[in-house]
Amino acid sequence: MLVLRKALFHRDVEARKVAICGYLMILKKIHFLGKVSLSQSQTSVSSQASSSSLISTQVKADVYVGGSNLSAKTMCLEIMGLLKRALMQQGEIRQLLYEGLSDVILQNISLKDIILELLLGQFEKYYIVDNAEIPINFDMCFQDGKNILEEPLAHLITSIHLILLEASKGTSDDDLEEDYNESAQKMLEDSLQNLINRMCEIDINDICVTNKDDETSDENDCRGG
């Protein structure tokens, strides 16, 4: 785990990719009873921490949970906390993570809640909830207003869609309706449906992704002037 943690924050992008793949492989094998949430994981890093710093994870554990089950939960929370930090890295790292998380769910559906919670936080950075004409802030997906893709949004949405498909298969009658209504799964299902409905109503020319060099002229075109 320490080797992967160091690799995840290495200056070499390829080393970071190896770390992502390693963590995803571990998540496929982690099994435990009960549910976990990102809110249960509190990752603290000192102000002078380097990329190789150790991360302390605090877990709210039920006193009735057995040792092995608790160990699996602790490891899961630590990994998910690290992957959340990885979302702040390069776009190619995030793309690898998005693709890998949907593969994790195919082998370990028990992690659907915490993975959807992670992806919901990322999706909300770009999704415009109100009644704006364009439901996605496309400019945020590009680097400094240039035509350099920074956020692989298509891979993010595809990953969410694939995970929701698998999650819907695993929904049981034992799940509390109130828990489901407040879950990341329900929020993402509603958001994606809303996104589809709104995108179907706009014209492709209405999606004004501006370029920093000619931002003024693009804005005038978008306004019809």
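Residues numbered from 1 in each chain as written. Predicted model: local features only at pLDDT ≥ 70, side-chain atom pairs only at ≥ 80, totals over all residues. Heavy atoms only, no water.

The chain carries the name Fanconi anemia group I protein-like protein in an unreviewed UniProt entry, which gives Stegodyphus mimosarum as its organism.

Peer 1: Got a minute to help me understand the overall build of the chain in this structure?
Peer 2: The helix and strand inventory of the chain stands at nine helices and two strands. Along the chain, helices (α) and strands (β) appear in the sequence α-α-β-β-α-α-α-α-α-α-α when read from the amino end. Relative to its full complement of 225 residues, the chain shows a buried share of 38%. By sequence separation, contacts in the chain at least 24 residues apart represent 70% of the contacts at least 6 residues apart. Accessible surface, the chain as shown: approximately 13000 Å² in total, 51% of it carbon and sulfur. (Helix = DSSP H or I, 4+ residues; strand = E, 2+ residues; numbered from the N terminus. Buried < 20%, exposed > 50% of the residue type's maximum accessible area, 1.4 Å probe, protein only. Contact = heavy atoms within 4.5 Å. Areas by Shrake-Rupley, 256 points an atom, 1.4 Å probe, with all protein chains shown as cover.)

Peer 1: How should the side chain of Ser191 be read in this particular structure?
Peer 2: You can see Ser191 is positioned in helix α8 (residues 184-199). Assessed through its relative accessible area of 14%, Ser191 is described here as buried. A polar atom in the side chain of Ser191 sits 2.8 Å from the backbone oxygen of Met187. Those residues within four positions of Ser191 in sequence are excluded, and the remaining contacts are Phe123 and Tyr127. (Polar contact = N/O pair within 3.5 Å; in protein donor to acceptor, adjacent residues only side chain to side chain.)

Peer 1: What's the story with the packing of helix α4 (residues 91-107) against helix α5 (residues 112-123) in this structure? I'm lost.
Peer 2: Any two packed helices are characterised by how steeply their axes cross, that is the angle between the axes, and by the distance between the axes. Across the interface, α4 lies against α5 with an axial gap of 11 Å and an inter-helix angle of 155 degrees. The orientation of α4 relative to α5 falls into the category roughly antiparallel. In terms of crossing hand, the pair formed by α4 and α5 is left-handed. Where α4 abuts α5, its residues Arg94, Tyr98, Leu101, Val104 and Ile105 lie against Lys112, Ile115, Leu118, Leu119 and Gln122. Looking at the contact of α4 with α5, its residues break down into seven nonpolar, one polar and two charged. (Axes fitted to C-alpha atoms, helices over the stretch in contact; angles between N-to-C directions. Parallel < 35°, antiparallel > 145°, perpendicular 65-115°, else oblique. Left-handed = near helix turned anticlockwise from the far one by under 90°. Nonpolar A, V, L, I, M, F, W, Y, C, P; charged D, E, K, R; others polar.)

Peer 1: I tried to follow the packing of α5 against α8 on my own but got confused; where do I start?
Peer 2: At a minimum axis separation of 9 Å, α5 and α8 run at an interaxial angle of 45 degrees. In terms of orientation, α5 lies oblique with respect to α8. When you trace α5 past α8, the crossing you get is left-handed. Mapping the contact onto sequence places Lys112, Leu116, Glu117, Leu120 and Phe123 in α5 and Ala184, Gln185, Met187, Leu188, Ser191, Leu192 and Leu195 in α8. Tallied by class, the residues present in the contact of α5 with α8 amount to eight nonpolar, two polar and two charged.

Peer 1: Can you walk me through the packing of aromatic side chains in this structure?
Peer 2: One pair of aromatic rings is described through two measures. These are the centre distance and the angle between the planes. Enumeration according to the criterion identifies one aromatic pair in this entry. Here Phe123 and Tyr127 contribute two aromatic rings whose centre-to-centre distance is 5.1 Å and whose plane-to-plane angle is 20 degrees, an arrangement assigned as stacked. Note on accessibility: Phe123 and Tyr127 belong to one class, buried. (Phe/Tyr/Trp six-rings, centres within 6.5 Å; stacked < 30°, edge-to-face > 60°.)

Peer 1: Quick question: what am I supposed to make of the nonpolar core here?
Peer 2: The tendency in soluble globular proteins is for nonpolar side chains to be buried side by side. Leu27, Met80, Leu83, Leu101 and Ile115 are the most contacted members of the largest nonpolar core, which totals 50 residues. Secondary-structure elements contributing two or more residues to this core are α1 (2-8), α2 (13-29), α3 (67-86), α4, α5, α6 (153-169) and α8. Sequence-distant contacts of Leu27, that is, excluding residues within four places in its chain, are made with Cys76, Ile79, Met80, Leu83, Val104, Asn108 and Leu111. (Core = buried A, V, L, I, M, F, W, Y, C linked by side-chain atoms within 4.5 Å.)

Peer 1: Can you help me understand the pattern of salt bridges in this one?
Peer 2: Any two side chains of opposite charge can pair, on the condition that their charged atoms come close. Inspection of the entire model under this criterion finds eight salt bridges. With its nearest N and O atoms 2.1 Å apart, the salt bridge here joins Glu78 to Arg5. Within this pair, whereas Glu78 is found in helix α3, its partner Arg5 is found in helix α1, the two being separated by 73 residues in sequence. Using a relative accessible area of 6% as the deciding quantity, one classes Arg5 as buried. One salt bridge connects Lys169 with Glu166, and the closest N-O pair in it is separated by 3.2 Å. Taken together, the positions of Lys169 and Glu166, both in helix α6 and three residues apart, correspond to about one turn of that helix. On the basis of relative accessibility, which here comes to 64%, the residue Lys169 falls in the exposed class. On the basis of relative accessible area, Glu166 is assigned to the partly exposed category, the value being 22%. Look at the salt bridges and you will find they share partners, linking Glu14, Lys17 and Glu92 into a network. (Salt bridge = Lys/Arg side-chain N within 4 Å of Asp/Glu carboxyl O.)

Peer 1: I'm lost on the environment of Gln89 in this one. Help?
Peer 2: Tracing the backbone shows Gln89 in the loop between α3 and α4. A residue is classified by how much of its surface remains accessible, and Gln89, at 9% relative accessible area, is buried. Sequence spacing of Gln89 and Leu8 is 81 residues, and the spatial spacing of their C-alpha atoms is 9.6 Å. Excluding anything up to four places from it in sequence, Gln89 contacts Leu8, Phe9, Arg16 and Arg94.

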